[in-house]
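# Examining the three-dimensional arrangement
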Amino acid sequence: MKKFDFINKWPFHVFVIVFSIVADQLTKLWAVARFTNESGAPNHEYIDIVGSLVRFDLVFNKGAAFSSRPQDLAPFLPPWLFFLLISIVATVVLLWFYKSIDKRDWMSRLGVVMILGGAVGNFIDRMRLQMVVDFIDCDFPDFIMTRFPTFNVADSFVTVGVAVVILSPVILKKVHKQIKEEKEIEKQKLADSRTPEAKPESNESEATEPKD
């Protein structure tokens, strides 16, 4: 791993975040310019990339996760404030999780960074357009669904990041085992330090000499 130590350094992680945001926003700008008419509405055109299996087809997503609407989840908040608060909470949680990961677990650290970059990319859309630009359309086996929900580059970073975090304990099995053992030793040491030492029992049965 020494050759690839840079992958676990914070400058590379910052680069991944910046790259994911720039790639996401540039591709979205291209998609909006290519697939909208003069009024800014989708022109319903699409470009086949791999036949009908993968194609570019513009969709504007004005909802939250799973197509839920902000006004249904928090009707007392304007949509922009709802997404702002959700994004702040998510960012704080991700940064806390990143800080809590052992540095030897480079896969989980990289995965969290990818998730953060993707989340920021979609957050920019929410603040700038009040909706998210999706344009990557993939076919899916018809017995499951007609087509997979349209997504974007930011979604791809989030999905791959989650997969990397999940696979980390499998691929870095020895590292995770070592980290777990060290944590158990530390817990035991802490428990031992809090347990008061047993005082030696006083010998109350000492024989006393009778007085004259």
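The structure under discussion appears in the preceding block.
Now for a look at the structure at hand. (Residues numbered from 1 in each chain as written. Predicted model: local features only at pLDDT ≥ 70, side-chain atom pairs only at ≥ 80, totals over all residues. Heavy atoms only, no water.)

## Regarding the packing of aromatic side chains
Note the following rule: Put simply, two rings from Phe, Tyr or Trp (the six-membered ring, in Trp's case) pair if the centres are within 6.5 Å, and we call them stacked under 30 degrees between planes, edge-to-face over 60, tilted for the rest. Runs of E in the DSSP output that reach at least two residues are strands. Runs of H or I that reach at least four are helices, and both are numbered from the N terminus. In this scheme, a residue with accessible area under 20% of its type's maximum is buried, one over 50% is exposed, and one in between is partly exposed, where area comes from a 1.4 Å probe on protein chains only.
Considering all chains together, one arrives at ten aromatic pairs under this definition. Measuring from ring centre to ring centre gives 6.0 Å for Phe 15 and Phe 19, while their planes differ by 25°; the resulting arrangement is stacked. One end of the pair is Phe 15 and the other is Phe 19, both in helix H1 (residues 10-35) and four residues apart, which spans about a single turn. Aromatic side chains Trp 30 and Phe 35 sit 5.6 Å apart centroid to centroid with 90° between the ring planes, which places their arrangement in the edge-to-face category. Judged by relative accessible area, which is 0%, Phe 35 ranks as buried. Following the ring pairs from residue to residue traces out a cluster consisting of Phe 6, Phe 12, Phe 15, Phe 19 and Phe 157.

## Some words on the pattern of salt bridges
Counted only if it meets this: For this analysis, a salt bridge means a side-chain nitrogen from Lys or Arg found within 4 Å of a carboxyl oxygen belonging to Asp or Glu.
Taken as a whole, this structure holds eight salt bridges when the rule is applied. Between Asp 24 and Lys 28 there is a salt bridge, with the nearest N and O atoms lying 2.8 Å from each other. Linking Asp 24 with Lys 28, this pair stays in helix H1, spanning four residues, or about one helical turn. Given a relative accessible area of 1%, Lys 28 falls into the buried group.

## A closer look at the sheet that holds strand E1 (residues 46-50)
Our working rule: Strand pairing is assigned whenever DSSP detects at least two bridges linking the two strands. Under this scheme, a helix contributes an axis fitted over its contacting stretch, all axes are lines through C-alpha atoms, and angles between N-to-C directions fall in the 0 to 180 degree range. By the convention used here, residues are in contact when the closest approach between their heavy atoms is within 4.5 Å.
Reading across from one edge, E1-E2-E3 is the order of the three strands in this open sheet, with antiparallel pairing throughout. Looking at which strands have only one partner, the edges of the open sheet turn out to be E1 and strand E3 (132-138). Going across the sheet, the axis of each strand differs from the next one's by a mean of 35°, ignoring polarity. Relative to the sheet, helix H4 (residues 106-129) contacts strand E2 (54-61) and E3, its axis offset from that of E3 by approximately 130°.

## Section: the layout of surface pockets
To find leftover empty space, a probe the size of one water molecule is rolled over the atoms. The following threshold applies: Both cavities and pockets are sets of points on a 1 Å grid over the protein atoms alone; in a cavity a 1.4 Å probe fits but cannot get out, in a pocket the set is open with protein on both sides within 12 Å along at least five of seven lines, and lining residues sit with an atom within 4 Å of a point. Grid points are joined across faces, edges and corners, and a volume is the space filled by probe spheres set on the points. Asp, Glu, Lys and Arg are counted as charged, while Ala, Val, Leu, Ile, Met, Phe, Trp, Tyr, Cys and Pro are counted as nonpolar; the rest, among them Gly, fall into the polar class.
Of the voids in this model, the second largest pocket is the one considered here, and its volume is about 250 Å³. Taken together, twelve residues form the lining of the second largest pocket, with Asp 5, Asn 8, Lys 103, Arg 104 and Trp 106 sitting closest to its centre. In terms of residue class, the lining of the second largest pocket is built from six nonpolar, one polar and five charged.

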